[in-house]
Amino acid sequence: MATIRPGTPQQLINDISGSSPPMPIEANVTVSEPVKPLEPPEPLRDYSMITNSPSRPVSCAGPRYKLINEGDIQVCRLNHTRTMISKIMSSKWLRRWESHHLVLGESEIYSLMPAGFMEESVSYTSIEDVHVISRWDAGQKFCLRITIPDGSLLLQANNAYLRDQWLHSIQWKKQVLKYQKLLRNTRRPEVLIKEIKNMIDLTMTTPLQDEEIYQVPLELVSDLLQQNTASMSRMAHENIIVALAPLLENNHPSPEICDFFSKHCKNSPRSNLVIEMFTPVVQRILKHNMDFGKYPRMRMFVQDYILALNSQNEGLKVVQNFVKRQVRYKRQA
């Protein structure tokens, strides 16, 4: 079991993770140096207010569903034109159902057999509304309606749970496409941060429970950081870090996000975000990641985080307390 001893930040990381030392870090600071004169910390900021939200998003109560990417379902298409013939053909007595294997793609819903009602695909951008037709439940017809410009697409499932699973999956796919376009085309930092927060709120509150649900927003933010991080202000950096916090409670940061966090540790080591936001992320990395050789940028983030801890007032004590907590977690595990 690791023991606490003075040494370089790299030695402390090796004690925590039990891994072999990597290439040297470009840093001259050591934890065994004499305690630095106390410096005034950065002004405290109320990070809960940065994104104009008084609290974190609360997961919805009720059933949880796995994301549907494709599956078999009954389909009926209704024409909303006001002619007498269309009204007769759309009446419940003449309504015809077709069996289709539908695929919920990245930008559209389509059938593996493009014929009949699904001869043409339905793009998410053309969907005006998706909702459950609850009044049909009594007749054992568990349906949802997808409203499109020229009519409606009805989907009928075998039970209410499966119907709701299709409903939430279609809503998720539609929203993801919307955020992809918004985040790639938005240049104003305040709008960008607002949409990132909205996307993460959606992720944390959807009834869907699937690895893809969390990976998609992480990938979108990673792509965004690659393109825009150089032009962002420090305030924008901090806002994005705060917005990402709920998503990283149960997920590892991507390599791009690790680089982004490392940059903040280097540029603003005494920022309150280092302790308030990065500590839970680093603790989770050290708890669940046993092979830093596969994730070099994740390891660099941990290194930069410990160097930032050492920049705090009484840096030696702060780092040693952090290491003690990690040792205690390992013993409990």
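For every chain, the first residue of its written sequence is number 1, and the numbers climb from 1 along that sequence. With pLDDT at 70 or above as the cut-off, local features in this predicted model cover only qualifying residues; side-chain atom pairs require 80 or more to be listed or tallied, and sums for whole chains, interfaces and linings still use all residues. Hydrogens and water molecules were not included; the side-chain quantities draw on all heavy atoms of the structure.

(A) Main features of the packing of helix H6 (residues 234-244) against helix H7 (residues 255-267). To get an axis, fit a line to the C-alpha atoms, keeping to the stretch in contact for a helix; angles then go from 0 to 180 degrees between the N-to-C directions. Going along the chain from the N terminus, every DSSP run of H or I of four or more residues is numbered as a helix, and every run of E of two or more is numbered as a strand. One way to put it is that H6 packs onto H7 with a least axis distance of 11 Å and a crossing angle of 130 degrees. It follows from the interaxial angle that H6 and H7 lie oblique. For H6 against H7, the interelement crossing comes out left-handed. For the pair formed by H6 and H7, the contact residues are His237, Glu238, Ile240, Ile241 and Leu244 on the first element and Ile257, Phe260, Phe261, Lys263 and His264 on the second. Partitioning the contact of H6 with H7 into residue classes produces six nonpolar, two polar and two charged. Roughly parallel covers angles under 35 degrees, roughly antiparallel covers those over 145, roughly perpendicular covers 65 to 115, and oblique covers all other angles. Should the near helix be turned counterclockwise from the far one by less than a right angle, the crossing is left-handed, whereas a clockwise turn marks it as right-handed. Any two residues whose heavy atoms approach within 4.5 Å are treated as being in contact. Polar here means any residue outside two lists: the nonpolar Ala, Val, Leu, Ile, Met, Phe, Trp, Tyr, Cys and Pro, and the charged Asp, Glu, Lys and Arg; Gly therefore counts as polar.

(B) View of a nonpolar patch on the surface. Each patch is assembled from residues with relative accessible area greater than 30% and no salt bridge, linking like charges that lie within 9 Å and nonpolar side chains (Val, Leu, Ile, Met, Phe, Trp, Tyr) that lie within 5 Å. Only the protein chains shown count as cover for residues, with accessible areas throughout obtained via the Shrake-Rupley method and a probe of 1.4 Å. Think of a salt bridge as a Lys or Arg side-chain nitrogen and an Asp or Glu carboxyl oxygen that are within 4 Å of each other. The grouping of Tyr110, Leu112 and Met113 at the surface amounts to a nonpolar patch, some 330 Å² of accessible area in total. For the exposure calls, accessible area comes from a 1.4 Å probe over protein chains only, and a residue counts as buried if that area is under 20% of its type's maximum, exposed if over 50%, partly exposed in between. Residue Leu112 is classed as exposed on the basis of its relative accessible area, which comes to 51%.

(C) Structural context of the pairing of strand E7 (residues 151-157). Most of E7 is tucked away, with seven of its seven residues classed as buried. As judged from the six bridges shared by strand E1 (residues 70-79) and E7, these two strands associate in the antiparallel manner. Looking at the pairing, Gln74 lines up with Gln156 of E7. Strand pairing is defined by DSSP finding a minimum of two bridges between the two strands. Across seven bridges, the pairing between strand E6 (residues 142-148) and E7 is antiparallel. Bridged to Ile146 within E7 is Leu153. Once E6 ends, the chain turns through two residues before running back antiparallel as E7.

(D) Molecular detail of the nonpolar core. Membership of the largest hydrophobic core comes to 56 residues, with the highest contact counts inside it found for Ile196, Ile240, Leu244, Phe261, Phe278, Phe301 and Tyr305. Elements with a minimum of two residues in this core: helix H3 (160-185), helix H4 (189-205), helix H5 (211-228), H6, H7, helix H8 (272-288), helix H9 (296-310) and helix H10 (315-332). Once you skip the residues sitting within four places of it in the chain, Phe301 turns out to touch Cys258, Phe261, Ser262, Cys265, Phe278, Val281, Val282 and Ile285. Throughout this description, the term nonpolar core refers to a set of buried Ala, Val, Leu, Ile, Met, Phe, Trp, Tyr and Cys residues connected via side-chain atoms within 4.5 Å. In terms of nonpolar packing, the next biggest core, distinct from the first, is built from 22 residues, Ile109, Leu144, Ile146 and Ile170 among them.

(E) A look at the sheet that holds E7. Pairing is antiparallel across the open sheet formed by seven strands, whose spatial order is E4-E3-E2-E1-E7-E6-E5. Edge positions in the sheet fall to strand E4 (122-123) and strand E5 (129-132), since each of these pairs with one other strand and no more. Where E5 meets E6, four bridges bridge the pair, whose relative direction is antiparallel. By the bridge assignment for E6, His131 is matched with Arg145.

(F) Inspection of the side chain of Glu98 at higher detail. The topology assignment puts Glu98 in strand E2 (residues 98-104). Glu98 has contacts with Ile73, Gln74, Val75, Ala115, Gly116, Phe117 and Met118, leaving out every residue within four places of it along the chain.

(G) Up close: H6. Among the eleven residues of H6, nine are classified as buried, and the element is accordingly described as predominantly covered. Listing the buried residues of H6 in full gives Ala236, His237, Glu238, Asn239, Ile240, Ile241, Val242, Ala243 and Leu244. In this structure, the buried side of H6 is in contact with H4, H5, H7 and H8.

(H) The arrangement of the confidence of the model for the protein chain in detail. Across the protein chain, the average pLDDT comes to 80, with 76% of residues at or above 70. Confidence of the predictor at the level of single residues is captured by pLDDT, which takes values from 0 to 100. When the criterion is pLDDT under 50, residues 1-6 qualifies, and its contacts beyond four places in sequence or with other chains add up to 15 contacts. The low-confidence segment residues 19-55, where pLDDT is below 50, has 70 contacts with residues more than four positions distant or belonging to other chains.

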